[in-house]
Amino acid sequence: MLEYRDIYAGGRLVGSTAPDVITIVNPATEEVIGAVPSGVAADVDKAVRSARHAFDDGRWATRAPSDRADALERLADALEARAEETALLVTAEMGMPISFSRTYNADEPCAILRYYAKLARDMDTEETRTAVSFSGRTVVRREAAGVAAVIASWNYPIMLAFCQLAPALAAGCTIVLKPAAATSLSAYILAEAFEAADFPPGVFNLVTGTSETAALLARHPGVDTVAYSGPTKPGRRIAAICGSELKPASLELGGQSAAIILDDADLSRAAGDLGTLCFGNSGQTCFAMSRVLVPQQRYAETLEALTAQAADLRIGDPLAEKTTMGPLASARRRSDVEARVAGGLVSGARLTAGGRRPASPVRGYFYEPTVLADVSPSMPIAREEICGPVATVIPYRSEAEAVAFADDGFGLAATVWTSDPQRGLDIARRSRVGTFGVNLYAPDLGSPWGGRGACGTGSAYGPEGMDLYQATKSVFLPAS
């Protein structure tokens, strides 16, 4: 069992003043595997002061971008050396199948770091423009925004942390990370990796705790900018705090995405990808395509294909290489999914797969991949975030109706499945979501990724991912 009684500040573990701890439970075994401090105001203050000092003394922010790039690459190397350990620990914390965890908690974070290291090497921190309003020129500077609070989610804990940590570091910010309570143990590996990569003390700091700890961090006067990923309700609270404090914020909130099947779709090719997008990581993915929109003439065929995909999944020990679906992350998460499915059935939906706890494993928060037919767009199961392995199959009468329903959601993502990519691109252009896939859904490191409306604001990935972490300054110079 891993037990920590410390936060990480100023390049070392520092004793927490928190009277309480958060126990971490393995969702596959229901056994306690560790504990971390439930951070209080004094802990947050120590971490922020450390980050503030490291920023204000210029040891990181004024370093040449190429030097910061070198450090990011060293950090990627240090994480790579701990890749298997990290993947195993995250699987123990939240139940992600180990093959999945290796990709999203080990490989992808390193790829993100190396991408932003390259951007840092190519970064222009100053641009000279001929002045429009006077005779002279303006030097436009892009400077590090300051101390960044990164509040990360539990469902892809390491990847979602580095979606923000990497651009913040590349821009020259110093950081306080607050991981999700349930996945806090793995965050201490990150602290050790920063040490191994020889980062200056105070550039990276770590405080664990609850949503109250996150609120204290966002409100702290030493924090300049905030990135939050996680559930919508606490995200709204963080947004309100940042609004009242006039702090810029990036918010990656809930999702209820739609997959539009067109009448010419090749379901024999699309079914496997659709199954992964519906059920991958036990459906605990913000862009999960939990609403499958189908023309009436393809309805029975699509329902059969998704039902078959659910049946093909192998539920079991997430540490086993052959497992393709692990448990839900907590007992509360499973109870919530069960309640939503039960509500859908009361509303008139019909089960074609799943809808119950499996007979085996006996222990753990497992739930079968579930397909619901006869779902109408007005049902709560079709409108609210499920965050579980549930696909609702919904008929539509026209493309316009399908696009309108796909848009009537959280605003993060959608896909279209068609034999005519140009037709799919035309639908993507009409849709009002932040990201859209034609015959796939694969976020691209080089392009902005984020949502609209209830899904939040701001972008991860691409050069745009650095916007939150840079401030512009215009310097006006007379003609010489």
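Being a predicted model, the structure only gives us computed values, none of them experimental.

Okay, the pairing of strand E3 (residues 12–15) next. Here four bridges tie strand E2 (residues 6–9) to E3, and the two strands are oriented antiparallel to one another. Opposite Ile-7, over in E3, you have Val-14 as the bridge partner. Here E2 folds back onto E3, and the loop between the two strands holds two residues, one of which, Gly-10, carries a positive phi near 65 degrees.

Here the focus is the sheet that holds strand E13 (residues 258–261). Strand order in the open sheet made by the seven strands is E15-E16-E17-E14-E13-E18-E19, with mixed pairing throughout. Two strands lie at the open edges of the sheet, namely strand E15 (350–353) and strand E19 (435–438), each paired on one side alone. Put simply, the sheet's adjacent strands are angled 25 degrees from each other on average, direction ignored. Direction of pairing for E15 relative to strand E16 (residues 370–373): antiparallel, over a ladder of three bridges. Bridging from a neighbouring strand, Ala-353 pairs with Val-371 of E16. Contacting E13, strand E14 (291–295), E16, strand E17 (390–396) and strand E18 (413–417), helix H9 (residues 267–279) runs over the sheet at an angle of about 165 degrees to E18.

So, on to the side chain of Thr-370. Within the secondary structure, Thr-370 sits in strand E16. The class of Thr-370 is buried, set by a relative accessible area of 0%. Setting aside residues no more than four positions away along its own chain, Thr-370 makes contact with Phe-279, Leu-351, Ala-353, Gly-354, Gly-355, Pro-389, Val-390 and Ala-391.

Glancing now at the sheet that holds strand E4 (residues 21–26). In spatial order, the strands read E1-E5-E4; together these three strands make up an open sheet with mixed pairing. Looking along the sheet, the strands with just one partner apiece sit at the ends: strand E1 (2–3) and E4. Across six bridges, E4 lies against strand E5 (residues 31–37) in antiparallel orientation. When the bridges of E5 are listed, Asn-26 appears paired with Glu-31. This element, helix H3 (residues 83–94), spans E1, E4 and E5 of the sheet and lies at about 95 degrees to E4.

Quick look at the nonpolar core now. Formed by 128 residues in total, the largest nonpolar core has its most connected members in Leu-75 and Phe-199. Among the elements that line this core, the one with the most residues is helix H5 (residues 157–171), at 12 residues. Counting residues in each nonpolar core, the second largest holds 24 residues, with Leu-328, Val-337, Ile-386 and Ala-402 among its members.

On to helix H11 (residues 331–346), then. The terminal C-alpha atoms of H11, which comprises 16 residues, lie 23 Å apart, in line with the 22 Å expected from a rise of 1.5 Å per residue. Where the residues of H11 are buried, they touch E17. Just past H11, the residue Gly-348 takes up positive phi, approximately 120 degrees.

Let us look at empty space enclosed by the protein. Where empty space is left can be seen by rolling a probe of water-molecule size over the atoms. This structure, assessed with the given rule, holds four cavities of 30 Å³ or more. Volume-wise, the largest cavity comes out at about 160 Å³. Breaking the lining of the largest cavity down by element, the ones donating at least two residues are strand E8 (147–151), H5, strand E11 (225–229), strand E12 (249–252) and strand E20 (456–457). Class assignment for the residues of the lining of the largest cavity results in 11 nonpolar, nine polar and one charged.

So, on to unusual backbone geometry. Residue Pro-361 is reached from Ser-360 by a cis peptide bond, and omega for that bond is 0 degrees. Relative to the helices and strands, Pro-361 is located in the loop between E15 and E16. Look at Ser-282: it is not a glycine, yet its phi comes out positive at around 55 degrees. Judged by relative accessible area, Ser-282 falls into the buried class, the value being 3%.

The rules we used
Within each chain, residues carry numbers counting from 1 in the order of the written sequence. Note on the predicted model: pLDDT of at least 70 is required for a residue's local features to be given, and 80 or more for side-chain atom pairs to be given and counted; whole-chain, interface and lining totals, by contrast, use all residues. Neither water nor hydrogens contribute to the side-chain values; these are computed over all heavy atoms in the structure. Being paired, for any two strands, means DSSP has found at least two bridges between them. Per the convention used, a helix needs a DSSP run of H or I reaching at least four residues, while a strand needs a run of E reaching at least two, with both numbered from the N terminus. Here an axis means a line fitted to C-alpha atoms, over the contact stretch when the element is a helix, while the angle between two N-to-C directions is reported on a 0 to 180 degree scale. Residue contacts are defined here by distance: any two heavy atoms, one from each residue, within 4.5 Å place the two residues in contact. Burial here depends on accessible area, computed with a 1.4 Å probe over protein chains only, as a share of the maximum for the residue type. Under 20% is buried, over 50% is exposed, and the range in between is partly exposed. Residues grouped as a nonpolar core are buried Ala, Val, Leu, Ile, Met, Phe, Trp, Tyr and Cys residues, joined through side-chain atoms within 4.5 Å. Given the number of residues in a helix, its expected span is that number minus one, multiplied by 1.5 Å. Throughout, the protein atoms alone are placed on a 1 Å grid, and a set of points is a cavity if a 1.4 Å probe fits but cannot get out or a pocket if it is open with protein on both sides within 12 Å along at least five of seven lines; lining residues have an atom within 4 Å of a point. Grid points are joined across faces, edges and corners, and a volume is the space filled by probe spheres set on the points. Basically, the charged four are Asp, Glu, Lys and Arg, the nonpolar ten are Ala, Val, Leu, Ile, Met, Phe, Trp, Tyr, Cys and Pro, and anything else, Gly included, counts as polar.

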